[in-house]
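A closer look at the structure
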Amino acid sequence: MTNKFMQHLIDNVKEMYPEILDSCHFVPPVYFNKTRYKTYSVADKVVYIPVIPDLKNKQDISIVRHDMAMQHVLHCLHHMADQEQEKMFVLTQFTYSDYLNNPGTDFQQHRLPVPSGVIHKDDDVSCVDFVIVHREHGVLVGVVKAVSDKVEDSDDGQQDEGGSVVTAVTEAVQQLQKVNRVIRHVMSDQLQCPTVRHTLILPNLPRALLRGAVAKHTDLVEKLRWCLDATASEDPTNQCPCVEDLSPPSTPWNVRSHVVNTLRDRWKWTRVRVDDVVMTDDLYFTVIARLCGPATQSTLDIQDQPYLLPKTLAEAVSLTGDLYERCTLHPDMVAMLNEKRLFLVGPHSDEKMQMLTLAAKRWLSRGRKVYILSDSTDTRDSMMSLLWNTLITSGDPDEARDPPRGHLSVVQCDLSNKNEVEKELEKLNLKEGSSPCVIVQDTVVNGSFCETVRGRYPDVYFWATSSTNKNVPEGWTLKTFIKALTCPPAVVRAVSNVAVTQVSPGDDGKPTCLPPTDGPPVIYFNHVKVGSWAVHYCKDCSKEVADFLIKHLFTGNVTVSPAHDVSATNTQTTPGHTSTTLNRASILQKKDVLVLFESDRDRMNQFLIGLTECGIAVSTLKNVNGKYTFTGQHDSVRAMHVDRLRWCPVRKKVVVYVEKHRSPGDVYKKRLVIRTCTSQMIVIRGNP
């Protein structure tokens, strides 16, 4: 049974990772932050509110800092994998109890060694933060410590002269010592155990401070020297990657070329020891199968429920999309729903639309009359028209109609003319003593109109949107929206160069409320043909995209039983554990992919033909009887021109953006992607 179990694991990882010997994989493919959520109901709609850690609770803050430090390190490792074409697996968010914890009913009685067989007094020592299984260099286990030289890292809020650094290094040494015992035990059934090296990474600490903090602790320095395989004459702190060795902490995704060489030097990957074990194909398969196969399931608690962490890119893209497609509000935004007179200031965004929608749904559910005032002559291109469409339908042409309960009407008004206030009020047909709810278009807001409505109808609920705060009347609550909560940061950074400075309403910029995940890195394909062969005409580009989609996103390989929505669960019973109900991501489908064209709409056909020739069905957006809908097969890739997002908003997990010209091009059009993509962005770059 044990032999069959091992072969089953190897066969499975070969299927999950077809290029297992010649490529790099991160497991999970993206890092998921340990942000917890609570739910709130608005007119029968579930809203997710992230729980802000207690600033006075050192453990809460340390979790946030550790997530940030891990993401920082992973940015560097991703850069290394891309630049050097490393052949390796990088395992994160793993605990010892995850190892072979889900063998399945057929192999419950297997006899492969597991970590619980390691009996030692350090049972409370946590697992390492990452494990790299490399085709050439064996196994590298790493610990990441978020400690820095800042005062807030000390227990009492005072400068502790390196005490927190010593504590962090001591914990790291214990973690590295324990992992050796665990690996030797779990690989004890093999003739050889792979060579294991160790690293300690401190992305927020200068090396000089690390060296100074541990210098007086001779015993700790000797233990660190042993962990890092340093000779008696070497300073082990030189082998710890610190802040100067990695990307800048303020922009960790901006990884410079020297980082890769520095990491390789710190880890001494070019040094060969006489006792090194050669990483054969069989040994490589064995280690990967046990750590990354279906029998090892890692989880993450989200909203007090465990979610299965994904193993493949398709699963990671889907889970990321599931998390970002939820209606999520910053905690301060919940209180905004009770405001009577509110100005939402900032660029047009899903966050502003989401707040308007929730407020209108609440008012309608309470039987109030809701008036949407628009001053746009082109109703198709009006934000208020989008709001109307969202309220009377789902807002997505793929989804079913969901009409409102109360009275809803759109009134076109000339709000810029101060002399027409009475005329515009007559259009509303309001009665004194009524409690109307008014939402105003975000172009020109007339202060006189606002004050007249408030004075005549004191109980009015009046919300307005504006791109600036210049026209906001005195005494009205103002909230600024400049952070995308419904799009992964990786996509926001790729689309907008101002994303670094963005904060959400009520956020003071402190790292206390992290997003669910940074999201999958943006993928780029370059159009290389010149002359009249624009990217929109190029079948070669579309076939490259099709090849990627088929190999990595439409694989059909899942590590658990299929599910079609995020609420689906999987009940697992593992040896020595009680039954656990686990949530898992929905399966990625073709209709989760949207192709957006930046060029003229009549130039899309050749690109789409290339997709269909590769076996990917495509549906295009059509206006049928005054309503936009995707025509074609139900489960097919969607395609449309980016301009139509203005009056027909669509949100998809995967967005393939086909440029007309090389970036930046039309920045406004590209920023529409922030309102559209909930997970993976793929960019087809045009000719310069």
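The structure presented is a predicted model; accordingly, all values stated were derived computationally and were not measured.

1. Quick notes on the confidence of the model for the chain
Per-residue confidence for the chain gives a mean pLDDT of 83, with 82% of residues at or over 70. pLDDT under 50 marks residues 498–509. Its contacts with residues more than four places away, or in other chains, come to 24 contacts. A low-confidence stretch, residues 558–579 stays under pLDDT 50, and its non-local contacts, those more than four residues away or across chains, total 59 contacts.

2. Section: the packing of helix α3 (residues 163–186) against helix α5 (residues 218–227)
Close contact between α3 and α5 brings their axes to 10 Å; oriented N to C, the two are set at 40 degrees. As judged from the angle between their axes, α3 and α5 are oblique. Crossing hand, α3 versus α5: left-handed. Residues Val-166, Val-169, Thr-170, Val-173, Leu-176, Gln-177 and Asn-180 of α3 form the contact with α5, whose participating residues are Leu-220, Lys-223, Leu-224, Trp-226 and Cys-227. Taken together, the residues that form the contact of α3 with α5 break down as eight nonpolar, three polar and one charged.

3. Digging into helix α1 (residues 2–16)
The terminal C-alpha atoms of α1 lie 21 Å apart, and with 15 residues this matches the ideal 21 Å at 1.5 Å per residue to within 8%. Regarding α1, the residues found buried are Phe-5, Met-6, Leu-9, Ile-10, Asn-12, Val-13 and Met-16. Take α1 and look down its axis: the buried residues cluster within an arc of 160 degrees, on one side only. In this structure, α1 carries Asn-3 and Lys-4 as exposed residues pointing more than 90 degrees from its buried face. Contact partners of the buried residues in α1: α7 (281–292).

4. With respect to the state of the cysteines
As used in these notes, a disulfide is a covalent bond between sulfur atoms, one from each of two cysteines. Tallied over the entire structure, the rule returns zero disulfides. Its sulfur unpaired, Cys-240 is 6.0 Å from the next cysteine sulfur, which belongs to Cys-242. Here Cys-677 stays free of any disulfide, with the sulfur of Cys-487 as its closest cysteine sulfur at 5.4 Å.

5. Side note on the packing of helix α15 (residues 539–553) against helix α16 (residues 605–613)
Where α15 contacts α16, the axes come no closer than 8 Å and their chain directions differ by 40 degrees. Relative to α16, α15 is oriented oblique. Pair α15 / α16 crosses with right-handed handedness. When α15 is examined against α16, the residues Lys-539, Cys-541, Ser-542, Lys-543, Val-545 and Ala-546 are found in contact with a partner set consisting of Gln-606, Phe-607, Ile-609, Gly-610, Leu-611 and Glu-613. Its residues placed into classes, the contact of α15 with α16 shows six nonpolar, three polar and three charged.

6. Observations regarding the pattern of salt bridges
Between side chains of opposite charge, a pair can form when the charged atoms approach closely. Scanning the entire structure with this criterion turns up 19 salt bridges. Asp-322 is the salt-bridge partner of Lys-653, the closest N and O atoms lying 2.9 Å from each other. Here Lys-653, found in strand β23 (residues 652–658), pairs with Asp-322, found in helix α8 (residues 313–325); they are 331 residues apart in sequence, far enough to count as distant.

7. Describing the nonpolar core
Core analysis: the biggest nonpolar cluster contains 63 residues, and Val-141, Val-169, Leu-210 and Leu-291 have the highest contact counts within it. Among the elements that take part in this core, α3 stands out by supplying eleven residues, more than any other. Setting aside residues no more than four positions away along its own chain, Leu-210 makes contact with Val-165, Val-169, Leu-202, Leu-205, Thr-237, Cys-240 and Cys-242. With 30 residues, the next largest nonpolar core counts Val-42, Met-336, Leu-337 and Leu-344 among its residues.

8. Focus: the sheet that holds β23
Taken together, seven strands build an open sheet; the order of strands is β16-β24-β23-β19-β22-β20-β21 and the sheet is mixed. Edge positions in the sheet fall to β16 (523–526) and β21 (627–631), since each has one partner strand and no second. If you compare each strand with its neighbour and ignore which way they point, the axes differ by 25 degrees on average. Of the pairings in the sheet, the one linking β16 to strand β24 (residues 677–685) comprises four bridges and is parallel in character. Residue Phe-525 lies in a different strand from β24, and its bridge partner there is Ile-684. Strands β16, β23 and β24 of the sheet are contacted by α15, whose axis makes an angle of about 150 degrees with β16.

Rules of the game
Here, residues in each chain are numbered from 1, in the same order as that chain's written sequence. Totals for whole chains, interfaces and linings use every residue, but because this is a predicted model, local features are given only for residues with pLDDT of at least 70 and side-chain atom pairs only at 80 or more, for both listing and counting. Heavy atoms throughout the structure, all of them, feed into the side-chain values; hydrogens and water do not. Known as pLDDT, the predictor's confidence for each residue is given on a scale from 0 to 100. By definition, residues are in contact when any of their heavy atoms lie within 4.5 Å. The axes used here are C-alpha line fits, helices contributing only the stretch in contact, and every angle between their N-to-C directions lies in the interval 0 to 180 degrees. Secondary structure elements follow DSSP: runs of H or I of four or more residues count as helices, runs of E of two or more count as strands, with numbering from the N terminus. The cut-offs work like this: below 35 degrees is roughly parallel, past 145 is roughly antiparallel, 65 to 115 is roughly perpendicular, and the gaps in between are oblique. Should the near helix be turned anticlockwise from the far one by less than a right angle, the crossing is left-handed, and should it be turned clockwise, the crossing is right-handed. Gly counts as polar in this scheme, as do all residues outside two lists: the nonpolar Ala, Val, Leu, Ile, Met, Phe, Trp, Tyr, Cys and Pro, and the charged Asp, Glu, Lys and Arg. Each residue after the first adds 1.5 Å to the expected span of a helix. The classification of residues rests on relative accessible area computed with a 1.4 Å probe and restricted to protein chains. Under 20% of the type maximum is buried, over 50% is exposed, and intermediate values are partly exposed. The directions from the helix axis to the C-beta atoms are what the arc is built from. Disulfides are defined in this document as cysteine sulfur pairs within 2.5 Å. Salt bridges are counted wherever a side-chain nitrogen of Lys or Arg sits within 4 Å of a carboxyl oxygen of Asp or Glu. In this text, buried Ala, Val, Leu, Ile, Met, Phe, Trp, Tyr and Cys residues form a nonpolar core when linked through side-chain atoms within 4.5 Å. Here, a strand pair is defined by DSSP locating no fewer than two bridges between the strands.

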